[in-house]
Amino acid sequence: MDLNREGLAWRVLDDHIIFLDVAKDRYFRLSQEDNRECIEQIGRNSKELWHQPDCLARPADWSAPSRSSPAIGWHDFSLPAIARALWTQRRVEARLSKFPLSVVLSQLRSVVEMRSEKRTEISEKGLRYIGAFEDARLLRTAADRCLAHSIALAACLAACGDRARVVLGVHSPPFAAHCWAQHADTVLNDNIEEVLRYQPILVV
């Protein structure tokens with residue numbers, strides 16, 4: 001199998017490779033024999049056990065998460081920001097239903113790179129959106145919507161000039177996938193204990 005195939009991300013967990021095909025919107029694993037051959041190939045040719053496709057290369061400014069944003073728990077209530085959060089999330093959900101994941105993520109990266117800049121701290125307006133997305137869970141749960149929720153938050157933060165990365169993570173065994181938004185080493189829409197259960201497979 002071509003481990004460098006365009007649109008293919010993968011991560012080795014406990015001697016098993018988990019793949020994410022961003023063009024076909026699916027995770028998959030190989031048979032035991034094929035998995036063993038690929039593990040041997042990785043051992044010969046790679047220094048890392050984590051690969052992202054060239055079309056969505058890992059951002060140089062990403063770092064592993066170590067804490068959650070205080071704005072998740074402590075923030076002012078803002079009805080306009082909550083309305084914007086809900087509207088943006090619904091819009092992202094609609095795009096995910098119409099377009100391949102690779103397209104949606106590539107467009108997000110373009111927006112983030114063009115409209116935001118690397119800052120040490122999130123702006124006051126950005127913090128308000130972090131709180132608003134947390135409050136929006138009361139009206140529209142983020143359960144099973146973590147991808148759309150994280151993309152929408154990153155897009156709203158980019159509009160404020162704040163740069164956030166969307167991280168897709170995997171866990172195995174048993175297999176599970178999760179997604180969150182992150183600024184530097186700070187998780188913006190989840191608790192750090194939950195996030196650390198997963199290993200990143202794709203950072204946008």
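Numbering of residues starts from 1 in each chain and follows the order in which that chain's sequence is written. Side-chain atom pairs in this predicted model are given and counted only at pLDDT of 80 or more, local residue features only at pLDDT of at least 70, and totals for whole chains, interfaces and linings cover all residues. The side-chain quantities take in all heavy atoms of the structure and omit both hydrogens and water.

Notes on the overall build of the protein chain
Of the regular secondary structure elements, the protein chain holds six helices and nine strands. Throughout, the radius of gyration refers to the C-alpha atoms, and the reference size of a globule is 2.2 Å times the residue count to the power 0.38. In terms of overall dimensions, the protein chain is globule-like: its C-alpha atoms have a radius of gyration of 17 Å, near the 17 Å expected for 204 residues. In terms of overall dimensions, the protein chain has C-alpha extents of about 55 × 35 × 30 Å along its principal axes. Working rule for contacts: check all heavy atoms of both residues, and any pair within 4.5 Å makes them a contact. Counting only contacts in the protein chain whose residues sit at least 6 apart along the sequence, the fraction spanning at least 24 positions is 73%. Counted charges follow a simple rule, with Lys and Arg positive, Asp and Glu negative, and His plus the chain ends left uncounted. Note on charges: their place is set at NZ of Lys, CZ of Arg, CG of Asp or CD of Glu. When the 27 basic and 27 acidic side-chain charges of the protein chain are each reduced to a single mean position, those positions are 6 Å apart. Helix and strand definitions here come from DSSP, where helices need a minimum of 4 consecutive H or I residues and strands a minimum of 2 consecutive E residues; each element is numbered from the N-terminal end.

With respect to a positive patch on the surface
Every patch collects residues that have over 30% relative accessible area and no salt bridge, joining them within 9 Å if they carry like charges and within 5 Å if they are nonpolar side chains (Val, Leu, Ile, Met, Phe, Trp, Tyr). To be clear on the numbers: accessible area is Shrake-Rupley with a 1.4 Å probe, and residue cover counts the displayed protein chains and nothing else. A pair is scored as a salt bridge if a Lys or Arg side-chain nitrogen falls within 4 Å of a carboxyl oxygen belonging to Asp or Glu. Together, Arg84, Arg91, Arg115, Lys125 and Arg128 make up a region of like positive charge exposed at the surface. You can see Arg128 is positioned in helix H4 (residues 124-136). Each residue is placed in one exposure class: buried if its accessible area under a 1.4 Å probe, protein chains only, is under 20% of its type's maximum, exposed if it is over 50%, and partly exposed if it falls in between. Note on Arg128: relative accessible area 40%, which makes it partly exposed.

Overview of the environment of Cys146
You can see Cys146 is positioned in helix H5 (residues 146-159). Ignoring anything within four residues of it in the chain, the contact list for Cys146 reads His178 and Cys179.

What about the sheet that holds strand S1 (residues 8-13)?
Strand pairing requires that DSSP identify at least two bridges connecting the strands. Within the open sheet, the four strands sit side by side as S3-S2-S1-S4. Their pairing is antiparallel. For this open sheet the edge positions go to strand S3 (26-28) and strand S4 (50-51), each flanked by a neighbour on one side alone. One ladder, built from three bridges, connects strand S2 (residues 16-21) with S3; its direction is antiparallel. Its bridge partner being in S3, Phe19 is matched across the sheet by Phe28.

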